[in-house]
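# Chain and residue survey
Next come the chains, spelled out residue by residue.
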Amino acid sequence: SGSLDSALAFAAAWPRGQVFVGNDRLALAVQRAGLAGTVPGTGCSCPELLAAIHRGGKRLYAGEGCAAPLGDEERAALEAKLERIQAEMMRWLNYIDSIKHAEKVGITKVAINRRMLTAAGGEGKRAFGAACRLPLGSVPAEEVGNIEREAGRWEPVWAEAVAA
């Protein structure tokens with residue numbers, strides 16, 4: 001479900017199960033609530049942000065991956081970092097929402113293809129020998145270049161957010 005309330009109800013009814021939420025905008029809230037994680041939709045074009053929220057959230061809220069409990073300063077610093085990462089993801093998701101004449105799945109796939117090309121070293125090469133299948137929905141041809149440029153502009157911002 002894409003609802004935190006529904007996910008919390010599922011978790012209460014099935015305490016030994018893992019509950020995931022299908023809403024990228026709730027990634028940090030999902031970690032705070034102690035749920036298993038987020039199933040990305042449009043956010044899968046920026047997986048490093050979702051992965052950082054997941055790892056950081058598990059460390060901060062569940063103590064996973066910690067040899068010793070985090071101190072107050074460490075907790076505050078990690079919380080601030082996770083807030084910044086979530087904010088970057090929200091800006092990207094808002095950009096996707098702002099494109100009114102194309103479907104979100106198509107926009108996401110255009111961005112993923114652009115990122116795969118970048119990871120492989122440029123035009124004509126594919127990272128991992130693969131490509132993202134063309135969109136099921138429509139993306140006007142004139143919009144493809146805009147989305148690719150925008151995804152390219154965001155990549156360093158995402159890398160900085162995760163590293164900071």
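Residues numbered from 1 in each chain as written. Predicted model: local features only at pLDDT ≥ 70, side-chain atom pairs only at ≥ 80, totals over all residues. Heavy atoms only, no water.

### Observations regarding the packing of aromatic side chains
Quick reminder of the rule: Two aromatic rings, drawn from Phe, Tyr or Trp (for Trp, its six-membered ring), form a pair once their centres lie within 6.5 Å of each other, and the interplanar angle then sorts them: stacked below 30 degrees, edge-to-face above 60, tilted otherwise. Counting from the N terminus, the helices are DSSP H or I runs at least four residues long and the strands are E runs at least two residues long. For each residue, the accessible area found with a 1.4 Å probe, counting protein chains only, is set against the maximum for its type, and the residue is called buried under 20%, exposed over 50%, and partly exposed in between.
With the rule as written, the count across this model stands at four aromatic pairs. Here W92 and Y95 contribute two aromatic rings whose centre-to-centre distance is 5.3 Å and whose plane-to-plane angle is 35°, an arrangement assigned as tilted. Placement of the pair is W92 and Y95 together in helix α4 (residues 72-98), with a separation of three residues, close to one helical turn. The exposure classification of W92 matches that of Y95, with both residues buried. With 6.1 Å between their ring centres and 40° between their planes, W154 and W158 make a pair best called tilted. Of this pair, W154 and W158 both sit in helix α6 (residues 141-163), four residues apart, roughly one helical turn. Of the residues examined, W154 reaches a relative accessible area of 8% and is grouped as buried. For W158, a relative accessible area of 0% corresponds to the buried category. One aromatic cluster in this structure is built from W92, Y95, W154 and W158.

### Some words on the nonpolar core
The line we're drawing: What is meant by a nonpolar core is a set of buried Ala, Val, Leu, Ile, Met, Phe, Trp, Tyr and Cys residues, joined one to another through side-chain atoms within 4.5 Å. Contact definition: two residues touch when any of their heavy atoms are within 4.5 Å.
Grouped together as the largest cluster of nonpolar side chains are 28 residues, with contacts concentrated most on L49, M89, W92 and I147. Listing elements by their share of this core, those giving two or more residues are α2 (27-32), α3 (47-62), α4, α5 (104-120) and α6. When residues of this core are assigned to their parent elements, the largest contribution, eight residues, is made by α4. Here M89 is in contact with D24, A27, C46, L49, L50 and I53, once residues within four sequence places are set aside. Core analysis: the second largest hydrophobic core is formed by five residues, A7, V21, V30 and L35 among them.

### Quick look at the packing of α3 against α6
This is how the line gets drawn: Note on method: axes are straight lines fitted to C-alpha atoms, helices fitted across the in-contact stretch only, with angles between N-to-C directions ranging 0 to 180 degrees. Roughly parallel covers angles under 35 degrees, roughly antiparallel covers those over 145, roughly perpendicular covers 65 to 115, and oblique covers all other angles. Here a crossing is taken to be left-handed if its near helix is turned anticlockwise relative to the far helix by less than a right angle, and right-handed if that turn runs clockwise. Under the scheme applied, nonpolar residues are Ala, Val, Leu, Ile, Met, Phe, Trp, Tyr, Cys and Pro; charged residues are Asp, Glu, Lys and Arg; polar residues are all the others, including Gly.
Where α3 contacts α6, the two axes come as close as 9 Å, and the packing angle between them is 15°. By the angle between their axes, α3 is roughly parallel relative to α6. The interaxial crossing formed by α3 with α6 has left-handed handedness. Contacts between α3 and α6 involve E48, L49 and A52 on the former and, on the latter, W158, A161 and V162. Its residues assigned to classes, the contact of α3 with α6 shows five nonpolar, no polar and one charged.

### Some thoughts on the pattern of salt bridges
Convention followed: Here, a salt bridge means any side-chain nitrogen of Lys or Arg that lies within 4 Å of a carboxyl oxygen of Asp or Glu.
Tallied over the full model, the rule gives six salt bridges. A salt bridge links E88 to R91, with the shortest nitrogen-to-oxygen separation between them at 2.7 Å. Taken together, the residues E88 and R91, both in helix α4 and three residues apart, mark about one turn of the helix. The class for E88 is buried, based on a relative accessible area of 13%. Residue K104 pairs with D97 through a salt bridge whose shortest N-O separation is 2.9 Å. Salt bridges sharing partners connect three or more residues here, namely R25, D97 and K104.

### Brief notes about the environment of G145
Within the element layout of this structure, G145 appears in helix α6. Sequence separation between G145 and R114 is 31 residues; the distance between their C-alpha atoms is 9.6 Å.

### Regarding the state of the cysteines
Working definition: the covalent bond between the sulfur atoms of two cysteines is a disulfide. Applicable threshold: Cysteine sulfur atoms are paired as a disulfide whenever they come within 2.5 Å of each other.
Summed over all chains, the structure comprises zero disulfides. Cysteine C46 remains unbridged, with the sulfur of C44 as its closest cysteine sulfur at 8.2 Å. Classification of C46 by relative accessible area gives buried; the value is 0%.

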